[in-house]
Amino acid sequence: MVDYHAANNQSSTGGVQTYMEQENDWDRDLLLDPAWEKQQRKTFTAWCNSHLRKAGTQIDNIEEDFRDGLKLMLLLEVISGERLPKPERGKMRVHKINNVNKALDFIASKGVKLVSIGAEEIVDGNAKMTLGMIWTIILRFAIQDISVEETSAKEGLLLWCQRKTAPYKNVNVQNFHISWKDGLAFNALIHRHRPDLIDYDSLRKDDPVTNLNNAFEVAEKHLDIPKMLDAEDIVGTLRPDEKAIMTYVSCFYHAFSGAQKAETAANRICKVLAVNQENEQMMEDYEKLASDLLEWIRRTIPWLENRTQEKTVNDMQAKQEDFRDYRCVHKPPKVQEKCQLEISFNTLQTKLRLSSRPAFMPSEGRMVSDINGAWHTLEGAEKGYEEWILSEIRRLERLEHLAEKFHQKAAIHESWTDGKEAMLTQKDYETSTLSEVKALLKKHEAFESDLAAHQDRVEQIAAIAQELNELDYYDSASVNTRCQKICDQWDVLGALTQSRKESLERTEKQLESIDELYLEYAKRAAPFNNWMEGAMEDLQDMFIVHNIEEIQGLITAHEQFKSTLPEANKEREAIQAIQAEVQKIAQSNGIKLSGANPYTTITPESIDNKWEKAMQMVPQRDSALQEELNKQNSNDTLRAKFATQANAVGAYIQAKMEEIGRISIEMNGTLEDQLTSLKDYQDTIISYQPEINTLEGDHQLIQEALIFDNQYTSYTMEHLRVGWEQLLTTIARTINEVENQILTRDAKGISQEQLFEYRASFNHFDKDHSGALQAEEFKACLISLGYDVENDKQGDTEFARIMSIVDPNGSGAVTFQAFIDYMSRETTDTDTADQVIASFKILAADKNFITADELRRELPPDQAEYCIARMAPYTGPDAAPGALDYMSFSTALYGESDL
């Protein structure tokens, strides 16, 4: 039974009066229907006895037993829980009228307007007036306080019946008369709340008497609802009495109201647990994504820090291609993962703040700042690795050039020295004539001149070998061996030359004659021959340049060389004239020449051959230099093309970054409009990606052309990549901020005008437009809003408390999201640990603990098991086997204790 003592102590006279005036428009003519009067008698009598038996009495005849007013006053005391004035015990009519008037006055004090019902009619046993009075009492104390979705009394009771019976077939409750004739509605109400008492599927619509008797008997036996009507009376009436049905149904409502409270409590717990489970899943997802990203960075950095040198330019270019593949293929998805990680972290913190949970602190080493630090280290390693690759390519290019130059000069020198030792060690002067000895001496002097001329080449070979060693050339061993052999041989030649000279000088004292013309020829032919060899060597010299200025310098030097050729040709003709003069003198004087100049091995034919060869090399050199000039012009075109695009992309990125900063401060319109505008703006930025890809293609062409500088732009591809990634991250972070503001607005019930007001206040004190308020700026903002945080001990303490809420990580800055979270918290209400504890207490039937069976009965399976797994055993003095501590569990949900 329902205890009305507490339920009806509160009276709201104004709201009840209108309803009671409508219901008390008593239809006198309807009471003349004997069938309805009979139903009302039974129903009202049973309803009165269900309360009077609490006082140890009952009535048998409703119009007779209330005539003296005593049981009527007792009934009102039982259902209201209040004491009425002391009744008069006399037997006279006046005593009875006074008692009934006391009861009617009490009813009127509860805001009920009694229409045409007087104490005399009740005392006289007027059945019609008595039934009307009892109906008025039932309306006030059993039906008036029923409320379902802002409807009350009759409408509320009808809506409750419709909601509870909606899932059942053949049940359509539209009123309180014919909708109940077949008995299925009564059975559906019982089955909805106590399915163990009714086998609903066994009921038939065409057997209303059985259905009604089944519902009435079950209600009386198990629900303590007395039988108020007979099934035959309902079935036998065309239209059952509405008031009788309403009275009966109200008893079912009050019987099941306790279950409704349990359902509400369970719903509250389910809501809280669902939020907690969702937050835990987001935390797990963040931890996994953070771990995976950090592991990728950990594995990538050693690869970028590897400085193993390669032997050739091709090998290093292969490494450069691997690095380019990493930049374009492997890294971009990780950039997206890092951005998504920051967004997930901010969204999770917002949801935790909105549900009054403590802020999420990731595992050690997995904070967003830790990931940013690791990412910064990764980018530093990238920069160092790229610079090292380019440096190594330059070094290897230089090494290959030097190695080729070394072997070329060594080959020329070795060719020159071939046979020189044998020549210097022969003793032909011992059997020669004086003229022959003098010729040998002069020849030796010419050789010394030639030897001195080759000294510079030997020094060049040694210098190149030294540079190859300093640059760590991979084949330095063979270079050193060859260089040492040349140097050793050069020392031997020097010693042999000195020895032969001394021998010839000793012999010269015995010889007097010399051929001046041969000598002059030899002296002039030797340097000229050496000059030609040097010229041919220069014409074949390898060159490497990196810009137009360098190749133009080589072309200028070559043109200067060509300008000296006419003078050199005159010298060649003069030398050839000496030989011609020798022939002329010999012919004139009949001298028989041996055919060879005794002072030199350089013949006129060899001079002419070398001259002709050198002249052939000049146009070849012209062609090579022109080809290199064309190449450098092409490279310069690539530089200019890249620079034009890089300058445009750099300006675009800078403009968009500034525009995003301005938008984040000057946002107008609703948050949804701002979000739509930002996403459209993001789409516009993403549509610029083809320009970046085009620039990457041009950059690749520049690298393939081995271009290492660009005087037309200050932008590098690395700068633009970082700027583009920062632009994408900034717009995504701005969108996420607006989404979090929408979450806060919807969860906290903040109006658009309040958000604009918060934004205006925030922007006013954000002097540097950084998107965050420093501590002193935030204090000034609070003071402007009326908060007592002045510079005194109490104000400083309050400000420190507020800062611990809006800046839990102690960064010293307050974001706009944290600002509106705090402002909304001041004016809205959220679920608390105490509310959850109260809900669990309802499910536990007021016990200080709850059992696993009770959780499984009241909560969905997954959430029931979630609670069972996390609740600690209850250890209080009233503990029972299997008791669980729901209080510590509830406080842990809100961070007030540990799970």
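Remember, it's a predicted structure, so these values are computed and weren't measured experimentally. (Residues numbered from 1 in each chain as written. Predicted model: local features only at pLDDT ≥ 70, side-chain atom pairs only at ≥ 80, totals over all residues. Heavy atoms only, no water.)

A look at the overall build of the chain
The condition that has to hold: Numbered from the N terminus, helices here are DSSP runs of H or I no shorter than four residues, and strands are runs of E no shorter than two. Accessible area is worked out with a 1.4 Å probe on protein chains only. A residue is then buried under 20% of its type maximum, exposed over 50%, and partly exposed in between. Whether two residues are in contact is decided by their heavy atoms, any of which lying within 4.5 Å being enough. Each accessible area value is a Shrake-Rupley result obtained with a 1.4 Å probe; residue values ignore everything except the protein chains displayed when judging cover.
The number of helices and strands found in the chain is 34 helices and six strands. For the chain, the proportion of its 899 residues judged to be buried stands at 46%. Within the chain, contacts between residues at least 6 apart in sequence are counted, and of these 75% link residues at least 24 apart. Surface summary for the chain: the accessible area is close to 44,300 Å², and the carbon and sulfur share equals 50%.

Brief notes about the side chain of Asn 529
Structurally, Asn 529 is set in helix α20 (residues 516-539). Not counting residues up to four positions away in its chain, the partners in contact with Asn 529 are Ile 602 and Lys 610.

A short note on the nonpolar core
Operational definition: Within this scheme, the nonpolar core is defined by two criteria: the residues are buried Ala, Val, Leu, Ile, Met, Phe, Trp, Tyr or Cys, and they are joined through side-chain atoms within 4.5 Å.
Counting residues in each nonpolar core, the largest one holds 77 residues, and the members touching the most others are Ile 137, Trp 180, Phe 186 and Phe 252. Here the element with the most residues in this core is helix α9 (residues 127-143); it accounts for eleven residues. Non-local contacts of Trp 180, meaning those with residues more than four positions away in its chain, are made with Cys 161, Val 173, Asn 175, Ala 185, Phe 186, Leu 189, Leu 212, Ile 245 and Val 249.

What to know about the side chain of Glu 696
Here Glu 696 is to be found in helix α25 (residues 689-704). Ignoring anything within four residues of it in the chain, the contact list for Glu 696 reads Met 717 and Arg 721.

Section: helix α21 (residues 548-563)
Three- or four-residue spacings in an α-helix give side chains the same orientation, since the helix completes a turn every 3.6 residues. Under the convention used in this document: A helix is expected to span 1.5 Å multiplied by its residue count minus one. Along the arc lie the directions from the helix axis toward the C-beta atoms.
For α21, spanning 16 residues, the distance from its first C-alpha to its last is 22 Å, which sits close to the expected 22 Å at 1.5 Å a residue. For α21, every residue scored as buried is listed here: Ile 548, Ile 551 and His 558. Here the buried residues of α21 occupy an arc of 90° about the axis, which is enough to place them on one side. Structural note: α21 exposes Glu 549, Gln 560 and Ser 563 on the side pointing more than 90 degrees away from its buried face.

Describing the pattern of salt bridges
To be explicit about the condition: A side-chain nitrogen of Lys or Arg and a carboxyl oxygen of Asp or Glu constitute a salt bridge if their distance falls within 4 Å.
Across all of its chains, the model carries 49 salt bridges by this definition. With a closest N to O distance of 3.7 Å, Glu 295 and Arg 299 form a salt bridge. Taken together, the residues Glu 295 and Arg 299, both in helix α14 (residues 242-305) and four residues apart, mark about one turn of the helix. For Glu 295, a relative accessible area of 31% corresponds to the partly exposed category. Between Lys 409 and Glu 537 there is a salt bridge whose closest N-O contact spans 2.2 Å.

Notes on the confidence of the model for the chain
Applicable threshold: Known as pLDDT, the predictor's per-residue confidence is scaled from 0 to 100.
Residues of the chain with pLDDT of at least 70 account for 90%, and the chain-wide mean is 81. Note that pLDDT drops below 50 for residues 1-32; the model gives that stretch 69 contacts with residues more than four away or on any other chain.

Side note on the packing of aromatic side chains
Put simply, the rule is: Paired rings are identified among Phe, Tyr and Trp, the last through its six-membered ring, by centres lying within 6.5 Å, and are further divided according to the angle between planes into stacked (under 30 degrees), edge-to-face (over 60) and tilted (the rest). Charges are assigned to positions over rings by a cutoff of 6 Å between ring centre and Lys NZ or Arg CZ, combined with an angular limit of 35 degrees from the ring normal.
Following the criterion strictly, the structure yields 29 aromatic pairs and no others. Each ring, one from Phe 528 and one from Trp 611, has its centre 6.3 Å from the other, and the planes form 25°; the classification is stacked. Placement of Phe 528 in helix α20 and of Trp 611 in helix α23 (residues 604-665) is noted, with a sequence separation of 83 residues between them. Centre to centre, the rings of Phe 840 and Phe 889 are 6.2 Å apart; their planes meet at 80°, and the pair counts as edge-to-face. With Phe 840 in helix α31 (residues 833-843) and Phe 889 in helix α34 (residues 886-893), this residue pair connects regions lying 49 residues apart in the sequence. The two residues Phe 840 and Phe 889 agree in class, both being buried. Three or more aromatic residues joined by ring pairs make a cluster, and in this case those are Trp 296, Trp 303, Phe 323, Tyr 326, Trp 375, Tyr 385 and Trp 388. Here the guanidinium or amino end of Lys 420 rests over the ring plane of Trp 416, the centre of that ring lying 4.9 Å away. A cation over an aromatic ring shows up here: Lys 847 above the ring of Phe 849, its NZ or CZ 5.7 Å from the ring centre.

Brief notes about unusual backbone geometry
The backbone phi angle of Asn 170 is positive, close to 65°, even though this residue is not glycine. Relative to the assigned elements, Asn 170 resides in the loop between α10 (153-165) and α11 (184-193). When its relative accessible area of 47% is taken as the criterion, Asn 170 is described as partly exposed. At Asp 224, a position not held by glycine, the phi torsion is positive, near 60°. Summarising the element assignment, Asp 224 is placed in the loop between α12 (208-222) and α13 (231-235).

Considering the environment of Tyr 652
Secondary-structure assignment places Tyr 652 in helix α23. Taking the relative accessible area as the measure of exposure, Tyr 652 reaches 17% and is therefore buried. Between the alpha carbons of Tyr 652 and Trp 724 there is a distance of 9.7 Å; along the sequence they are 72 residues apart. Sequence-distant contacts of Tyr 652, defined by excluding residues within four places in its chain, comprise Thr 684, Ile 685, Tyr 688, Trp 724 and Leu 727.

Here's the deal with the packing of helix α6 (residues 70-80) against helix α7 (residues 93-109)
Packed helices, taken two at a time, are described by the angle between their axes plus the distance between the axes. Definition in use: Axes here refer to lines fitted to C-alpha atoms; in helices the fit is confined to the stretch in contact. Angles between the N-to-C directions go from 0 to 180 degrees. Throughout this description, any angle smaller than 35 degrees is read as roughly parallel, any larger than 145 degrees as roughly antiparallel, any in the 65 to 115 degree range as roughly perpendicular, and the remainder as oblique. A clockwise turn of the near helix away from the far one marks a right-handed crossing, whereas an anticlockwise turn of less than a right angle marks a left-handed crossing. Each residue is assigned to one class: nonpolar for Ala, Val, Leu, Ile, Met, Phe, Trp, Tyr, Cys and Pro, charged for Asp, Glu, Lys and Arg, and polar for all the others, Gly among them.
Following both chains from N to C, one finds α6 and α7 inclined at 25°, their axes separated by 8 Å at the closest point. As summarised for this structure, α6 and α7 are arranged roughly parallel, according to the angle between their axes. Crossing angle aside, the handedness with which α6 passes α7 is left-handed. Contact residues: α6 offers Leu 70, Leu 72, Met 73, Leu 76 and Ser 80, while α7 offers Asn 99, Lys 102, Ala 103, Phe 106 and Ile 107. For the contact of α6 with α7, the residue count by class is seven nonpolar, two polar and one charged.

What to know about the packing of α7 against α9
Contact geometry of α7 with α9 gives a least axis separation of 11 Å together with a crossing angle of 35°. For the pair α7 and α9, the sense of crossing is left-handed. Contacts between α7 and α9 involve Leu 104, Phe 106 and Ile 107 on the former and, on the latter, Met 133, Thr 136, Ile 137 and Phe 141. The class makeup of the residues in the contact of α7 with α9 is six nonpolar, one polar and no charged.

Looking at the state of the cysteines
For the record, the criterion: Note on terminology: pairs of cysteine sulfur atoms within 2.5 Å are recorded as disulfides.
Taken as a whole and judged by the stated rule, the model has zero disulfides. Not engaged in a disulfide, the cysteine Cys 487 finds its nearest cysteine sulfur in Cys 483; these two sulfurs lie 4.1 Å apart. A relative accessible area of 24% means that Cys 487 is categorised as partly exposed.

What to know about the environment of Glu 516
As for its placement among the helices and strands, Glu 516 is situated in helix α20. Assessed through its relative accessible area of 51%, Glu 516 is described here as exposed. Counting along the chain gives 66 residues from Glu 516 to Val 582, while the straight-line C-alpha distance between them is 9.5 Å.

A short note on the environment of Leu 399
Tracing the backbone through its elements, the reader meets Leu 399 in helix α16 (residues 368-417). Once the C-alpha coordinates of Leu 399 and Leu 468 are considered, the two residues, 69 residues apart in sequence, prove to be 6.4 Å apart. Aside from chain neighbours lying at most four places away, what touches Leu 399 is Leu 468, Leu 471, Asp 472 and Tyr 473.

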